[in-house]
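Overview (structure and organization)
Residues per chain are reported as follows:
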Amino acid sequence: MQEKGTISIHTENIFPIIKKFLYSDNEIFLRELVSNAVDATQKIKRLSSLGQYQGDLGQLRVEVSLNEEAKTITIADRGIGMTAEEIKKYINQIAFSGATEFVEKFKEAKDANELIGKFGLGFYSAFMVADKVEINTLSYQDGATPARWICDGSTEFEILPGDRTERGTEIILHINEESQEFLSQSKIQEILDKYCSFLPVEIKFGTKTETEPDGEDEEGKPKYKSIEKDNIVNNPNPIWTKAPADLKDEDYLAFYKELYPFSEDPLFWIHLNVDYPFNLTGVLYFPKVKNDFEFQRNKIKLFSRQVFITDEVKDIVPEFLMLLHGVIDSPDIPLNVSRSFLQADSNVKKINNYITRKVADKLSELYKKDRTSFESKWQDIGLFVKYGMISEEKFYEKAKDFALLSNTDGKHATLEEYRETVKDTQTDKDGQLVYLYTNDPAKQDSYIQSAKAKGYDVLLMNSPLDNHFINQMEQKLEKTSLKRVDADVIDKLITKSDTPPHILTAEQETKVKELFESAVNKSNMRVEVESLSPDELPVHITMDEFMRRMKDMAQMGGGMNFYGSMPDSYKVAINGNHPLIGKILSADGDDTKAKLAKQAIDLALLSQGLLTGADLTEFVKRSVDLI
Ligand code: ADP
């Protein structure tokens, strides 16, 4: 009865190849074997439901067990089992995938797809950690006899009659010398938690002790007893496998907690569910964004038919949504393939587009359904939306209708609404619409007040991406430019034809310029005398918008380009029409004039946080004298 043979493969010995190249991560042997056990279990369920298996299904659990003394790990299932013939066919002929034939046979079955093993050489990954592997199996087929297969990792194998009496398969791994780390309860638990948490069939691994209430003692105090329970490692029915209509908010929130026990509740979520032209299910959550958003990446888990694959979802999920949390499950994503292949794969591209569209639709729906709540979440959502608008043309087109701009009064407006609001007041004499913004309301307060005094609105642009978003808006919005409120005096930021007349004579102007130039006395500060409204401050210190953006960009890029290496350069605008300038000009003696000019400059510097060190000390001293 005993049979010996050689595993039919093309290469002389495939195991070293499997060990070294195919699976750099050797812990996945457990994922592969448990997945096979789950597949075999699903198959018997299906056969039973199709009426092609009449026997009793019994307890359909997959059981993983560890024997530290014998140095074995066993994976047992009550699936379809295999006959000796099938072992030869499916296990020995490596290149032959049994699933193909199974699917052929049950084409009519609607969910045939779910039965296809995607892992190719899955079973042989056992040899990454074992120097001997045994299969004990009994097929579900009528009159089948049990079979036993033993292989020591060479291409030689043995098939013997088995002694199994229950339908199903047991895979016994004799763990090799280098892989003893896997002979630990906690290690196996860890791997099962990682890959098998949501497999569709219950996975049992040992037992656990739980305490339960056990009546009261003589004094009436509650008593407890400990009981041993089967330790089930997975949740076989995670929410992404259910219909959205059957789920409540609590279910989504509870699942979020299951995935990320230490996270705050998410803002909202999107249930993905598509089966044509590709198959994809999942739930994506919008988290509350913290400032350390860089560290929150890799929070989306990728599954294939409930088997965890990876949390590296680059390419499948658009770059701007990498901060989302949740799960994606698709049997149509090629696994175990190189990155470049993934990028070129047309399904991956389609999935990426689908996710982008779903996210845009969901945001649009939230915006339309409850604008107030949408606005309250904008602080957190805004970052995603802006990132998406900057990086994906298609997303921009959808998001431009619900993306919000916020102003310094905490009011929100869509791009269209904002344009309507400011178009009459903020269009300059050349027909250019100017949006004013601040990135630091506290520091730029005096400029904001000047702008408001003119009836202008000031946008708040202080999120990490706003520099890019500003550029994007300028490219997209017609005849519109954005200027930071301190980039120049307000009348120069939005130039109107009715500029106030000069009060000073040309001679006086020269005198004022000289006075202030010697008071400033810094090479990076250029003095200009301008005729502004008398209500404006006497001295403004501004930094050119273009120059500042170039410097910001150089800084963000980390490199030093031409602009990055230049010192900050400012314009000191003296308001020739302000009464104080007249007073300084008519003050007694050159000393007093110089002192007053210096005082006026220092006040402006102080309001910009630019007065420091010895200059600040001197200012305080001079102020005391003047008082
Ligand atoms: P794949 O799962 O991709 O087909 P594997 O090498 O993991 O590749 O398995 C090869 C075949 O062996 C499976 O398709 C299946 O027919 C059979 N097989 C593996 N494990 C079991 C099991 N526990 N019960 C029944 N059949 C199994």
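From a predicted model like this one, the values you see are computed outputs, not experimental measurements. (Residues numbered from 1 in each chain as written. Predicted model: local features only at pLDDT ≥ 70, side-chain atom pairs only at ≥ 80, totals over all residues. Heavy atoms only, no water.)

Within the largest apolar cluster, 60 residues are counted, with the highest numbers of intra-cluster contacts made by Val 34, Val 64, Ile 73, Ile 75, Trp 149 and Leu 173. It is helix 2 (residues 28-49) that contributes the most residues to this core, 7 residues altogether. When neighbours within four sequence positions are excluded, Val 64 is seen to be in contact with Leu 30, Val 34, Ile 73, Thr 74, Ile 75, Ile 188, Leu 192, Ile 203, Lys 204, Phe 205 and Gly 206. Counting residues in each nonpolar core, the second largest holds 59 residues, with Val 313, Phe 374, Leu 404 and Ala 413 among its members. (Core = buried A, V, L, I, M, F, W, Y, C linked by side-chain atoms within 4.5 Å. Buried < 20%, exposed > 50% of the residue type's maximum accessible area, 1.4 Å probe, protein only. Helix = DSSP H or I, 4+ residues; strand = E, 2+ residues; numbered from the N terminus. Contact = heavy atoms within 4.5 Å.)

In this fold, Asp 428 is placed in the loop between helix 12 (415-422) and strand 17 (433-438). Buried and unpaired, Asp 428 has Lys 483 as its nearest opposite-charge partner, separated by 5.4 Å. Looking at Asp 428, its side chain comes within polar contact range of the main-chain nitrogen of Asp 430, at 2.9 Å. If we skip the residues at most four places from it in the chain, Asp 428 touches Val 434, Ile 494 and Thr 495. (Lys, Arg positive; Asp, Glu negative; His and termini not counted. Salt bridge = Lys/Arg side-chain N within 4 Å of Asp/Glu carboxyl O. Polar contact = N/O pair within 3.5 Å; in protein donor to acceptor, adjacent residues only side chain to side chain.)

For the rest of this paragraph, the subject is a nonpolar patch on the surface. Residues Leu 603, Leu 606, Leu 616, Val 620 and Val 624 make up a contiguous nonpolar surface patch of about 410 Å² in total accessible area. Broken down by secondary-structure element, the contributors of at least two residues to the nonpolar patch are helix 19 (590-607) and helix 20 (613-626). (Patch = residues over 30% accessible without salt bridge, like charges linked within 9 Å, V, L, I, M, F, W, Y side chains within 5 Å. Areas by Shrake-Rupley, 256 points an atom, 1.4 Å probe, with all protein chains shown as cover.)

Before going further, it helps to spend a moment on the environment of Asn 439. Relative to the assigned elements, Asn 439 resides in the loop between strand 17 and helix 13 (445-453). Sequence spacing of Asn 439 and Asp 466 is 27 residues, and the spatial spacing of their C-alpha atoms is 8.7 Å. Ignoring sequence-local partners within four residues, the contact set of Asn 439 consists of Gln 444, Met 461, Asn 462 and Arg 484. Side chain to side chain, Asn 439 and Gln 444 meet in a polar contact 2.8 Å long. Here Arg 484 takes part through its side chain, which lies 3.4 Å from a polar atom of the side chain of Asn 439.

Once that is clear, we can look at the sheet that holds strand 18 (residues 458-460). Here 3 strands make up an open sheet; going across it, the order is 18-17-19 and the pairing parallel. Every other strand in the sheet has two partners, leaving strand 18 and strand 19 (480-484) as the edge strands with one partner each. On average, adjacent strands in this sheet sit at an angle of 40° to one another, irrespective of strand direction. Where strand 17 and strand 18 come together, 3 bridges link them in parallel fashion. Residue pairing for strand 18: Leu 436 is matched across the bridge by Val 458. Helix 14 (residues 466-476) contacts strand 17, strand 18 and strand 19 of the sheet and is inclined by roughly 150° relative to strand 19. (Pairing = 2+ DSSP bridges. Axes fitted to C-alpha atoms, helices over the stretch in contact; angles between N-to-C directions.)

What follows concerns the sheet that holds strand 11 (residues 280-286). The 5 strands lie next to each other as 10-11-14-12-13, forming an open sheet whose pairing is mixed. The sheet terminates laterally at strand 10 (268-274) and strand 13 (307-310), the two strands that pair on one side only. Here the average twist between neighbouring strands, direction ignored, is 20°. Sheet analysis places strand 12 (residues 300-304) next to strand 13, joined by 3 bridges and oriented antiparallel. Residue pairing across strands places Phe 303 opposite Phe 308, the latter belonging to strand 13.

Taken as a whole, this structure holds 40 salt bridges when the rule is applied. Between Lys 288 and Glu 264 there is a salt bridge whose closest N-O contact spans 3.6 Å. Residue Lys 288 is located in the loop between strand 11 and strand 12, and its partner Glu 264 is located in the loop between helix 7 (249-259) and strand 10; the two are separated by 24 residues in the primary sequence. Take Glu 264: its relative accessible area is 41%, and that puts it in the partly exposed class. Through salt bridges with shared partners, a single network forms among Arg 61, Glu 63, Glu 202, Lys 204 and Asp 230.

Moving on, we come to the packing of aromatic side chains. Applying the stated rule across the entire model yields 24 aromatic pairs. Arranged with centres 4.7 Å apart and planes meeting at 55°, the rings of Tyr 256 and Tyr 285 form a pair that is tilted. Note that Tyr 256 is positioned in helix 7 and Tyr 285 in strand 11, a separation of 29 residues in sequence. The exposure classification of Tyr 256 matches that of Tyr 285, with both residues buried. Ring centres of Tyr 367 and Phe 374 lie 5.5 Å apart, and the angle between their planes is 75°; on these two criteria the pair is classed as edge-to-face. (Phe/Tyr/Trp six-rings, centres within 6.5 Å; stacked < 30°, edge-to-face > 60°.)

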